[in-house]
Amino acid sequence: MKALVIGGAGYIGSHMVRALQRAGHDVAIFDNFSTGHRAAVEGLKVYEGDLLNPADLDRALPDFAPDLMLHFAARSLVGESMVEPALYYGNNVCGVFNLLEAMRRHGRARLVFSSTAAVYGLPTKRRIDEDHPTQPINTYGWSKLFAERMIEDACRSYGLRAAVLRYFNAAGADDAGDIGEAHEPETHLLPNILRVAAGKAPLVRLFGSDYDTRDGYCVRDFIHVSDLCDAHLLAANALEKADLPAYQLYNLGNGQGFSVLEVLRAAEVVVGRPIPSEVGPARAGDPPVLVAGASKARSVLGWAPQKADLTQIIASAWRWHQAQRY
Ligand SMILES: NC(=O)c1ccc[n+]([C@@H]2O[C@H](COP(=O)([O-])OP(=O)(O)OC[C@H]3O[C@@H](n4cnc5c(N)ncnc54)[C@H](O)[C@@H]3O)[C@@H](O)[C@H]2O)c1
Ligand SMILES: O=c1ccn([C@@H]2O[C@H](COP(=O)(O)OP(=O)(O)O[C@H]3O[C@H](CO)[C@H](O)[C@H](O)[C@H]3O)[C@@H](O)[C@H]2O)c(=O)[nH]1
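As the structure is a computational prediction, the values presented were derived from the model and not from experiment.

Caption draft 1: Up close: the domain arrangement of the chain. Partitioning the chain into domains gives domain 1 (2-171 + 223-252) and domain 2 (189-220 + 255-322). Relative to domain 2, the C-alpha centre of domain 1 lies at a distance of 24 Å. Taken residue by residue, the interface counts 28 residues in domain 1 and 22 residues in domain 2. Tallying contributions element by element places helix H7 (residues 225-238) first for the side of domain 1 that touches domain 2, with 7 residues.

Caption draft 2: View of the site of ligand 2. The environment of ligand 2 is made up of 22 residues, and the closest members are Thr 116, Ala 117, Leu 189, Phe 207 and Cys 218. The leading source of residues in the shell around ligand 2 is strand S8 (residues 204-207), at 4 residues. Partitioned by chemical class, the residues of the shell around ligand 2 number 12 nonpolar, 6 polar and 4 charged. Each of two domains, domain 1 (2-171 + 223-252) and domain 2 (189-220 + 255-322), supplies a minimum of three residues to the shell around ligand 2.

Caption draft 3: Here's a closer look at the site of ligand 1. Not every one of the 27 residues close to ligand 1 is listed here, only the nearest: Gly 7, Gly 10, Gly 36, Ala 73 and Ala 74. If you list the elements that add at least two residues to the shell around ligand 1, you get helix H1 (11-22), helix H4 (85-105), strand S5 (110-116) and strand S7 (169-171). At 3 residues, the largest contribution of residues to the shell around ligand 1 is made by H1. Of the residues contributing to the shell around ligand 1, the split by class is 11 nonpolar, 14 polar and 2 charged.

Caption draft 4: Examining the pairing of strand S2 (residues 26-31) more closely. Burial within S2 is extensive, with 5 of its 6 residues counted as buried. Taking the sense of rotation as the criterion, the β-α-β connection linking strand S1 (residues 2-6), H1 and S2 turns out right-handed. Relative to strand S3 (residues 45-48), S2 runs parallel, the two being bridged by 4 bridges. By the bridge assignment, Ala 28 is partnered in S3 with Lys 45.

Caption draft 5: Just the nonpolar core, in detail. Residues Val 5, Ile 6, Leu 165, Ile 193 and Leu 252 are the most contacted members of the largest nonpolar core, which totals 104 residues. Sorting elements by how many residues they give to this core places H7 first, with 8 residues. In this structure, this core is formed jointly by two domains, domain 1 (2-171 + 223-252) and domain 2 (189-220 + 255-322), each of which donates at least three residues.

Caption draft 6: Quick peek at the sheet that holds strand S12 (residues 258-259). The strand order across the open sheet formed by 3 strands is S12-S9-S14, and the pairing between neighbours is mixed. Of all strands in the sheet, those with a lone pairing partner are S12 and strand S14 (289-290), marking the two edges. Pairing between strand S9 (residues 219-220) and S12: 2 bridges, direction antiparallel. Across the sheet, Arg 220 pairs through a bridge with Phe 258, a residue of S12.

Caption draft 7: Geometry of the confidence of the model for the chain. On average, residues of the chain carry a pLDDT of 97, and 100% of them reach 70 or more. The complex model carries a pTM of 0.98, and its ipTM stands at 0.97.

Caption draft 8: The sheet that holds S5, seen in detail. The sheet built from 7 strands is open, its strands ordered S3-S2-S1-S4-S5-S6-S11 with parallel pairing. Two strands bound the open sheet, and with one partner strand each, they are S3 and strand S11 (247-252). The mean inter-strand angle of the sheet, taken between neighbouring strand axes irrespective of direction, is 20°. In this structure, S1 lies alongside strand S4 (residues 68-71), joined through 4 bridges in parallel fashion.

Caption draft 9: Main features of unusual backbone geometry. With an omega of 5°, the peptide bond between Glu 184 and Pro 185 qualifies as cis. Relative to the helices and strands, Pro 185 is located in the loop between S7 and helix H6 (189-197). Phi is positive for Phe 33, close to 60°, though the residue is something other than glycine. With respect to the helices and strands, the residue Phe 33 is situated in the loop between S2 and S3. In this structure, Ala 65 takes a positive phi of about 50° despite not being glycine.

Caption draft 10: Here's a closer look at the environment of Ala 163. Summarising the element assignment, Ala 163 is placed in strand S6 (residues 161-167). If sequence neighbours within four positions are ignored, Ala 163 has contacts with Val 112, Ala 235, Ala 238, Leu 239, Gln 248 and Tyr 250.

Rules used throughout
- Residues numbered from 1 in each chain as written.
- Chains lettered and ligands numbered in written order.
- Predicted model: local features only at pLDDT ≥ 70, side-chain atom pairs only at ≥ 80, totals over all residues.
- Domains from an automatic or database assignment.
- Contact = placed C-beta atoms within 7 Å.
- Helix = DSSP H or I, 4+ residues; strand = E, 2+ residues; numbered from the N terminus.
- Near = placed C-beta within 6 Å.
- Nonpolar A, V, L, I, M, F, W, Y, C, P; charged D, E, K, R; others polar.
- Buried ≥ 20, exposed ≤ 12 C-beta atoms within 10 Å, placed from the backbone.
- Right-handed = clockwise from strand over helix to strand, strands pointing away.
- Pairing = 2+ DSSP bridges.
- Core = buried A, V, L, I, M, F, W, Y, C linked by C-beta atoms within 7 Å.
- pLDDT = per-residue confidence, 0-100.
- Axes fitted to C-alpha atoms, helices over the stretch in contact; angles between N-to-C directions.

And the structure:
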């Protein structure tokens, strides 16, 4: 299969490239390098282009003629989305619109799309499954929900077959240790903890300690990036199954929540020393608990996460942080 990874120079996209290659597929990347890294895509076929420029897609799609497109190219900082909503509606909504139109123009009909647990908003039940109401509390979540809707409509009207994957908290790095999470600025919990452990920052700030949770800290469901990629491969196969609908939606998480403090303590065990921290004010827009109900991906796709153990996730991220290439 020929797969075009849109946003393939980014954190999750670069891992997806690896997973596709290991599965024997022919891979190319489409990326504008706004947050991606050239070092992550060395030696690969790259179409440098922007989803906001349809001419770039008109160059890449007929040239590579992919059987499958995988979309990772988004802005994804919750805080930024509340200050600069236009950036989010531009990239995450107009970008997806341009992609869907280009796919229609060039007869490309298979898409796997990265969505997010942020589409759900505040949880109304302990585990968030796909039937949970979607009421985002930030612009990032709304932009992804609008994109999902456009994809669903394209499946109904234009013969597209698509899988939308709503991730919870992606973490960890490839076993090879040469690609990993590197955002600037970094806002995610685990890389921020490990930057301190690696001596690149003096301390990590824990946002809020008086949430209504077991220890007062926010609780999240961490899923290894390689397990996410496995689910994408399975979702791509599911697009070919006539007994499954043209539009498929799956949550991806381990179904187990860890508090911010528990993640810090687990990281201290992995690195073998205390990691300086301080408690700061709660961050605006953070739901207290986000834990996935992801049984649908298991039962329909046959997905079985191989790296669900938090210590294993942190250890893989730590290997990357110690030898970070970019
Ligand atoms: N990291 C997480 O925990 C998480 C959780 C849920 C969902 N997601 C979603 O997963 C996807 C990937 O996240 P990530 O953490 O790897 O992000 P990232 O910022 O590391 O990667 C995004 C990539 O897309 C590229 N890109 C962005 N806009 C583009 C455009 N207009 N045209 C071409 N390329 C463009 C960037 O240069 C980058 O290489 C995003 O859609 C994000 O919303 C991530
Ligand atoms: O330096 C930090 C960074 C984060 N946190 C806390 O750690 C938890 C996790 O925060 P992250 O920023 O790592 O992740 P989020 O849960 O905010 O968001 C992630 O998961 C969401 C869905 O669950 C979205 O998909 C989003 O794109 C993705 O970044 C939150 O309680 C946050 O307040 C800290 O205490 N200190």
